[in-house]
Amino acid sequence: MTIQILSFDNYQHQARRLASALNCPHTRIELHRFPDGESRVQLPPITENHLVFCQSLDFPNDKLIELCLAAKTARAQGATRLTLVAPYLCYMRQDKAFVPGQAISQQIIGALLADLFDDVITVDPHLHRISRLEQAIPCKNAIALTAAGLLGEFVRNRFDNAVFIGPDEESEQWVKVVAGPGKVDYVVASKIRYGDREVAINLPDYAYEGRTVLLVDDVISSGHTVAESARALRQRGAREVLALCTHALLAPGAEQLLADSGVDRLISTDSISHESNAIELAPLLAAAMDKVYKCKH
Ligand code: R5P
């Protein structure tokens, strides 16, 4: 495949995995952060017309500016096709102004990315009121993948007598895939969110006693959704609680919170680098890149 993959050093392991899955070169973008917080970005020599920037957008503000500098420079150097592979896509949650004057970040950041890139590939983006990623990012190819199949393959047959649980209605789409086709051993709890770090979880009736429970969610951010679920499951006699997610965002304090609430183990994809990464997204992303590459000709 005649493409060149570029990444900043913070995401080089995942970018190299993608390059090796696609059998194409990987090169690093040099980044310098000045003492005042500004960034200096320097691209490597460009050898292909089609460039793929691989960068997850957790803690996104600096990264967005740096991607913008990199993409505009690549265009100025003659690149004709730019693809962004951002396993975690930021700013997708706010899709509505809840009070007048609130910025609708999904539209604004989506338009910015569509201006910079021809294609955007992401995994399990946080979309509430829209069903297709291209509604948020109006570029040539806006591709939303899901890691639920990979999470399911990882856990299947590893845990005896396990029950799968999604902590809120939204998570049903992932938990039913992770539990496996035709599997009835999954349940979905209900959640009320009172604030960034305040949620209440109501578990459905089920025989949790003595069971291994696998909590499945797309994102663990403050950790409160999973922590409250784990606490409730322990109170109902669960023997072991594991948390599975695509994106281990893990805001400061989240890991301690999970440990204190009785989560025995966290299992995540390598969308965001963390010691809980157990599942590589490269094969999934490479398959999507194949489609993008073919559709250009
Ligand atoms: C909610 O809609 C998401 O699927 C996650 O449940 C949520 O983002 C997790 O956030 P936190 O870890 O802050 O509770």
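Quick caveat, the model's predicted, so the values are computed rather than measured.

Parameters at a glance
- Residues numbered from 1 in each chain as written.
- Predicted model: local features only at pLDDT ≥ 70, side-chain atom pairs only at ≥ 80, totals over all residues.
- Heavy atoms only, no water.
- Pairing = 2+ DSSP bridges.
- Helix = DSSP H or I, 4+ residues; strand = E, 2+ residues; numbered from the N terminus.
- Axes fitted to C-alpha atoms, helices over the stretch in contact; angles between N-to-C directions.
- Parallel < 35°, antiparallel > 145°, perpendicular 65-115°, else oblique.
- Left-handed = near helix turned anticlockwise from the far one by under 90°.
- Contact = heavy atoms within 4.5 Å.
- Nonpolar A, V, L, I, M, F, W, Y, C, P; charged D, E, K, R; others polar.
- Near = heavy atom within 4 Å.
- Polar contact = N/O pair within 3.5 Å; in protein donor to acceptor, adjacent residues only side chain to side chain.
- Areas by Shrake-Rupley, 256 points an atom, 1.4 Å probe, with all protein chains shown as cover.
- Phe/Tyr/Trp six-rings, centres within 6.5 Å; stacked < 30°, edge-to-face > 60°.
- Domains from an automatic or database assignment.
- Buried area = accessible area lost by both parts, 1.4 Å probe.
- Salt bridge = Lys/Arg side-chain N within 4 Å of Asp/Glu carboxyl O.
- Buried < 20%, exposed > 50% of the residue type's maximum accessible area, 1.4 Å probe, protein only.
- Arc of directions from axis to C-beta.

Q: Before we go on, may I ask you to explain the sheet that holds strand 6 (residues 81-85) in this structure?
A: Read across the open sheet, the 6 strands follow the order 2-1-5-6-7-8; overall the sheet is parallel. Each of the sheet's edge strands pairs with one partner strand only, and the pair in question is strand 2 (26-28) and strand 8 (141-145). On average, each strand axis in the sheet is inclined to that of its neighbour by 20°, with strand direction left out of account. Direction of pairing for strand 1 (residues 3-7) relative to strand 2: parallel, over a ladder of 3 bridges. Paired with Ser-7 across the bridge in strand 2 is Arg-28.

Q: I'm lost on the packing of helix 1 (residues 12-22) against helix 9 (residues 282-295) in this one. Help?
A: A packed helix pair is summarised by two numbers, namely the angle formed by the two axes and the spacing between the axes. Here helix 1 crosses helix 9 at 55°, and the two axes come no closer than 9 Å. Looking at the two axes, helix 1 sits oblique to helix 9. In terms of crossing hand, the pair formed by helix 1 and helix 9 is right-handed. Along its contact with helix 1, which presents Arg-17, Leu-18, Ala-21 and Leu-22, the element helix 9 presents Ala-282, Leu-285, Ala-286 and Met-289. Tallied by class, residues from the contact of helix 1 with helix 9 come to 7 nonpolar, no polar and 1 charged.

Q: What is the right way to read the site of the ligand from this model?
A: Near the ligand there are 15 residues, and of these Glu-170, Asp-217, Asp-218, Ser-222 and Thr-225 occur at the shortest range. At a separation of 3.3 Å, an oxygen atom of the ligand approaches a polar side-chain atom of His-126. One nitrogen or oxygen atom from the side chain of Ser-222 is found 2.6 Å from an oxygen atom belonging to the ligand. Across the complex, the protein chains shield 93% of the 380 Å² of accessible surface that the ligand would expose by itself. Going through the elements one at a time, strand 11 (190-195), strand 13 (212-220) and helix 7 (224-235) are the ones with two or more residues in the shell around the ligand. Tallying contributions element by element places strand 13 first for the shell around the ligand, with 4 residues. Within the shell around the ligand, the residues separate by chemical class into 2 nonpolar, 6 polar and 7 charged.

Q: Before we go on, may I ask you to explain the packing of helix 2 (residues 61-76) against helix 3 (residues 105-116) in this structure?
A: Where helix 2 meets helix 3, the closest approach of the two axes is 10 Å, and the angle between their N-to-C directions is 25°. Taken together, the axes of helix 2 and helix 3 lie roughly parallel to each other. Remark: the crossing between helix 2 and helix 3 carries left-handed chirality. Contacts between helix 2 and helix 3 pair Leu-64, Cys-68, Ala-71, Lys-72 and Arg-75 from the former with Ile-109, Leu-113, Asp-115 and Leu-116 from the latter.

Q: What exactly am I supposed to notice about the packing of aromatic side chains here?
A: The way to describe two aromatic rings as a pair is by their centre distance and the angle between their planes. This model, assessed by the stated rule, comprises 2 aromatic pairs. Here the aromatic rings of Phe-53 and Phe-117 are separated by 5.9 Å at their centres, their planes lie at 65°, and the arrangement is edge-to-face. Of this pair, Phe-53 sits in strand 5 (residues 50-54) while Phe-117 sits in the loop between helix 3 and strand 7 (119-123); the two residues are 64 residues apart in sequence, bridging distant segments of the chain. Aromatic side chains Tyr-206 and Tyr-208 sit 5.5 Å apart centroid to centroid with 50° between the ring planes, which places their arrangement in the tilted category.

Q: Whenever I open this one, the domain arrangement of the protein chain confuses me. Can you help?
A: How big an interface is tends to be expressed through the accessible area that disappears when the partners come together. Once the domains are mapped, the protein chain shows domain 1 (3-147 + 281-294) and domain 2 (148-278). On a C-alpha basis, the centres of domain 1 and domain 2 stand 28 Å from each other. Counting from both sides, the interface comprises 19 residues of domain 1 and, opposite them, 19 residues of domain 2. Counting the surface domain 1 buries against domain 2, the share from its top three residues, Asp-124, Ala-147 and Leu-281, is 34%. Summed over the shared surface of domain 1 and domain 2, the result is 1 salt bridge. The shortest N-O distance in the salt bridge between Arg-17 and Asp-270 comes to 2.6 Å. The tally of links between domain 1 and domain 2 comes to 17 residue pairs in polar contact (both at pLDDT 80 or more). Here the side of domain 1 that touches domain 2 is composed, by residue class, of 9 nonpolar, 6 polar and 4 charged.

Q: Can you walk me through helix 6 (residues 172-179) in this structure?
A: Counting along an α-helix, one turn takes 3.6 residues, and residues three or four places apart therefore face a common direction. Within helix 6, the full set of buried residues consists of Trp-174, Val-175, Val-178 and Ala-179. Relative to the axis of helix 6, the buried residues are bounded by an arc of 125° and lie together on one face. Looking at the buried residues of helix 6, the elements they touch are helix 5 (148-155), strand 9 (162-166), strand 10 (186-188), strand 13 and strand 14 (240-248). Of the residues flanking the end of helix 6, it is Gly-180, one or two places downstream, whose phi is positive at about 110°.

Q: I tried to follow the side chain of Asp-118 on my own but got confused; where do I start?
A: Counting through the fold element by element, Asp-118 comes out in the loop between helix 3 and strand 7. Here Leu-82 takes part through its backbone nitrogen, which lies 2.8 Å from a polar atom of the side chain of Asp-118. If sequence neighbours within four positions are ignored, Asp-118 has contacts with Arg-75, Thr-80, Arg-81, Leu-82, Cys-139, Lys-140 and Asn-141.

Q: Even after reading the chapter, I still don't get the pairing of strand 9, so can you show me in this structure?
A: Looking along a regular strand, one sees the side chains alternate between the two faces of the sheet. Burial analysis of strand 9 places 5 of its 5 residues in the buried class, which makes it a mostly covered element. As judged from the 4 bridges shared by strand 9 and strand 13, these two strands associate in the parallel manner. Each bridged residue has a counterpart across the sheet, and for Ala-162 the counterpart in strand 13 is Thr-212. Pairing of strand 9 with strand 10, which is carried by 3 bridges, proceeds in the parallel orientation. Paired with Gly-166 across the two strands is Val-188, which belongs to strand 10.

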